[in-house]
Amino acid sequence: MGSSSTLAELDNDVLDIVCGLLSESDKNSASLIPLSTTDKRTRVIAIRHLFKRLKLYFVGNQPWKRGSARLKTWNPKLAPFVKSVEMTFASAHHAFVNQTEEDLGAEEAVKQLAGVLSTLTKLRKIACSIHDPKHEQRLEKALRTRHVQPFALAEEAHGPSSHIFVRLCPNARYISNLDKASFSYGSEERARKLYDLLHLAPKLDSLEITSSWSTSTLQELRNAAPNVSRLLLNGGLLNRSLNIYSLIPVFASFPTLKILRVMSLSRLGVGYDPPRCGNSYMGSHGAQLRERLERQCHESTEKVATAVFDACKQLVELWLGSFTRALAERRGGTVINIKYDFKASQHESLGSRAPDF
């Protein structure tokens, strides 16, 4: 009785904030379920948060068959509450897959998936990972056949299969093909499919791409998305003859680039290549080696950052990998000071996005 009377004292705005905080993670969402059964008013408010994220994660044996079974239980009355959808379909090793059953299951599931997606008119974020290119093609075809309308509110498209949804997200501001799993379908082909479609997202501001980089591949990206202000590059240089300095002229050709993340220093071809064997850092010379590497890291970082900031006239933030950040202080476009943080967190980035929906 005490808890119910306490809830009754909260106005709708405060109760909405409480439900929102409880829904921030899957673990906390478990606490929101019993709360939603307290009374009718609480349920009306809680349901918006309980179903704001739709996750379809199926890996292992017969993922499409299991996905199809899950999709059959979808209640279209929940569609107005869904703001984010995350889809992952990945089969087990091909030696254990009945390809005929896999294809039949995928054919049925993609039709159901397209049907569900067509009801999500409030969608703000889409993440998609499909392990097999032919199943990606099936989903693309099903979306066209179903005449799924563009998601006018969608601002983000994520995942290695994000290229499927670019044409349905004309107002996207953030696109990423980051692959969180190891699929057989290579990132190079996916990246080029994405490049061909980026012109359909004229409001694109932030772009995260996994690929192997050279002057020509980076130029392709520049031609596809010239006006991004935040560019995050994953992967490595295409071959050992390249270094970061050969890419700087292309970085400089992005006229509005303010935040840039490239690979970690040891992958930039600048001569910084610390030993990967832990034994190298042990013994009487271990401390000396660490000191030398730390000094070399700082010197090389400063050299790279200076060259990049001098060439990229709008750039204010440079990341080398995930933990090294350089911030440029400019006056009239001229760099007057660069601050370095070698233990930074990307949550501190000037271009950090708002929390996931």
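Up top you'll find the structure we're talking about.
Each chain carries its own residue numbering, running from 1 in the direction its sequence is written. For this predicted model, a pLDDT threshold of at least 70 governs which residues receive local features, and a threshold of 80 or more governs which side-chain atom pairs are given and counted, while totals over whole chains, interfaces and linings are taken from all residues. With hydrogens and water stripped out, all remaining heavy atoms of the structure feed into the side-chain values.

Novice: What exactly am I supposed to notice about the packing of aromatic side chains here?
Specialist: Here the distance between the centres and the angle between the planes together describe a pair of aromatic rings. Under the pairing criterion, centres of Phe, Tyr and Trp rings, with the six-membered ring standing for Trp, must be within 6.5 Å; the plane angle then separates stacked pairs below 30 degrees from edge-to-face pairs above 60, leaving the rest tilted. Under the defined criterion, the tally for this structure stands at three aromatic pairs. Ring geometry for W64 against F89: centres 4.1 Å apart, planes inclined by 5 degrees, an arrangement best described as stacked. Of the two residues, W64 sits in helix α5 (residues 63-71) while F89 sits in strand β2 (residues 84-91), which places them 25 residues apart along the sequence. Using a relative accessible area of 1% as the deciding quantity, one classes W64 as buried. Helix numbers and strand numbers start at the N terminus; a helix is a DSSP run of H or I with at least 4 residues, a strand a run of E with at least 2. To sort residues, take the accessible area from a 1.4 Å probe on protein chains only and compare it with the maximum for the residue type: under 20% means buried, over 50% means exposed, and anything in between is partly exposed.

Novice: What is the right way to read the nonpolar core from this model?
Specialist: For soluble globular proteins, the rule of thumb is that nonpolar side chains tend to be buried together. Judged by nonpolar contacts, the single largest core of 85 residues is most densely connected at M87, F165, I175, L198, L207, L221 and F251. Residues L7, L15, L32 and I45 belong to the second largest nonpolar core, which totals seven residues. Take the buried residues of types Ala, Val, Leu, Ile, Met, Phe, Trp, Tyr and Cys, join any two whose side-chain atoms come within 4.5 Å, and each joined set is a nonpolar core.

Novice: Sorry, what's going on with the side chain of H49 here?
Specialist: Checked against the element boundaries, H49 lands in helix α4 (residues 40-50). Among the residues examined, H49 registers a relative accessible area of 13% and is labelled buried. A contact between two residues is defined here by any heavy atoms of the two lying within 4.5 Å. Not counting the four nearest positions on each side in its chain, H49 is found in contact with D16, C19, G20, S23 and L32.

Novice: Honestly, the packing of helix α9 (residues 215-224) against helix α10 (residues 244-252) in this entry has me stumped. Any pointers?
Specialist: Two numbers describe a pair of packed helices, the interaxial angle and the distance between the axes. Note on geometry: axes are lines fitted to C-alpha atoms, helical ones only across the stretch in contact, with angles between N-to-C directions running from 0 to 180 degrees. Remark: α9 packs on α10, axes separated minimally by 9 Å, with the N-to-C direction vectors making an angle of 15 degrees. Between α9 and α10, the interaxial angle falls into the category roughly parallel. Crossing hand, α9 versus α10: right-handed. For the pair formed by α9 and α10, the contact residues are T215, L218, Q219 and R222 on the first element and S246, L247, V250 and F251 on the second. In the scheme used here, Gly and all other residues not listed as nonpolar or charged are polar, with Ala, Val, Leu, Ile, Met, Phe, Trp, Tyr, Cys and Pro taken as nonpolar and Asp, Glu, Lys and Arg as charged. Of the residues contributing to the contact of α9 with α10, the split by class is four nonpolar, three polar and one charged. Oblique is the label for every angle not falling under 35 degrees (roughly parallel), over 145 degrees (roughly antiparallel), or within 65 to 115 degrees (roughly perpendicular). In this scheme the crossing of two helices becomes right-handed for a clockwise turn of the near helix relative to the far one and left-handed for an anticlockwise turn of less than a right angle.

Novice: Would you take a moment to explain unusual backbone geometry for this structure?
Specialist: The general pattern is negative phi for most residues beyond glycine and trans for most peptide bonds. Not every positive phi belongs to a glycine, and H147 is a case in point at roughly 55 degrees. Here H147 shows up in the loop between α7 (133-145) and β4 (156-158).

Novice: What should I look at first to understand the pairing of strand β9 (residues 317-320) in this one?
Specialist: The two faces of a sheet get side chains in turn, since along a regular strand they alternate between them. Residues E317 and W319 line one face of β9 and the alternating positions L318 and L320 line the opposite face, and both faces are buried. Two elements, strand β8 (residues 259-262) and β9, share four bridges in a ladder whose sense is parallel. The residue of β9 that forms the bridge with I259 is E317. With the strands aimed away from the viewer, a crossover counts as right-handed if its path from the first strand over the helix to the second runs clockwise. Traced from β8 through helix α11 (residues 286-311) to β9, the parallel crossover comes out right-handed. In this sheet, strand β10 (residues 324-331) lies alongside β9 in antiparallel orientation, the contact comprising four bridges. Across the sheet, L320 pairs through a bridge with T324, a residue of β10. Strands were regarded as paired on the criterion that DSSP finds at least two bridges between them.

Novice: How do you make sense of α7 when you look at a structure like this?
Specialist: One turn of an α-helix holds 3.6 residues; hence residues three or four places apart share an orientation. Expected span, for any helix, means 1.5 Å times one less than how many residues it has. The terminal C-alpha atoms of α7 lie 18 Å apart, and with 13 residues this matches the ideal 18 Å at 1.5 Å per residue to within 8%. Turning to α7, its buried residues are H135, E136, R138, L139, E140, A142 and L143. Two N or O atoms count as a polar contact when they lie within 3.5 Å, although within protein this holds only if one can serve as hydrogen donor and the other as acceptor, and sequence-adjacent residues are included solely when both atoms are side-chain atoms. You can read the cap of α7 off the contacts: a side-chain oxygen lies 3.0 Å from the backbone nitrogen of K134, and it is on D132. Residue H147 follows α7 closely and has a positive phi angle near 55 degrees.

Novice: I keep staring at the pairing of strand β7 (residues 230-237) and nothing clicks. Help me out?
Specialist: Counting buried residues along β7, seven of its eight residues qualify, which places the element largely inside the surrounding structure. As paired strands, strand β6 (residues 206-213) and β7 are joined by eight bridges and run parallel to one another. Note that in β7 the partner of W213 across the bridge is L237. Handedness of the crossover joining β6 and β7 through α9: right-handed. Across three bridges, the pairing between β7 and β8 is parallel. Residue pairing in the sheet places R230 in a bridge with I259 of β8.

Novice: I tried to follow a positive patch on the surface on my own but got confused; where do I start?
Specialist: Distance thresholds for patches are 9 Å for like charges and 5 Å for nonpolar side chains (Val, Leu, Ile, Met, Phe, Trp, Tyr), applied to residues having over 30% relative accessible area and no salt bridge. Per-residue accessibility takes into account occlusion by the displayed protein chains alone, with areas from the Shrake-Rupley method and a 1.4 Å probe. Salt bridge, as applied in this entry: a Lys or Arg side-chain nitrogen positioned within 4 Å of an Asp or Glu carboxyl oxygen. Note that His is not counted, nor are the chain ends; the positive residues are Lys and Arg, and the negative ones are Asp and Glu. Here the site of a charge means NZ on Lys, CZ on Arg, CG on Asp, or CD on Glu. On the surface, a cluster of positive charge is contributed by K111, K141, R144 and R167. Along the chain, the position of K111 falls in helix α6 (residues 99-117). Take K111: its relative accessible area is 48%, and that puts it in the partly exposed class.

Novice: Got a minute to help me understand the packing of α10 against α11 in this structure?
Specialist: At a closest axis distance of 9 Å, the pairing of α10 and α11 adopts a crossing angle of 25 degrees. Of the possible angle classes, the one that applies to α10 and α11 is roughly parallel. When you trace α10 past α11, the crossing you get is right-handed. Across from I244, Y245, I248 and A252 in α10, the residues of α11 making contact are K303, V304, A307, V308 and A311. Tallied by class, the residues present in the contact of α10 with α11 amount to eight nonpolar, no polar and one charged.

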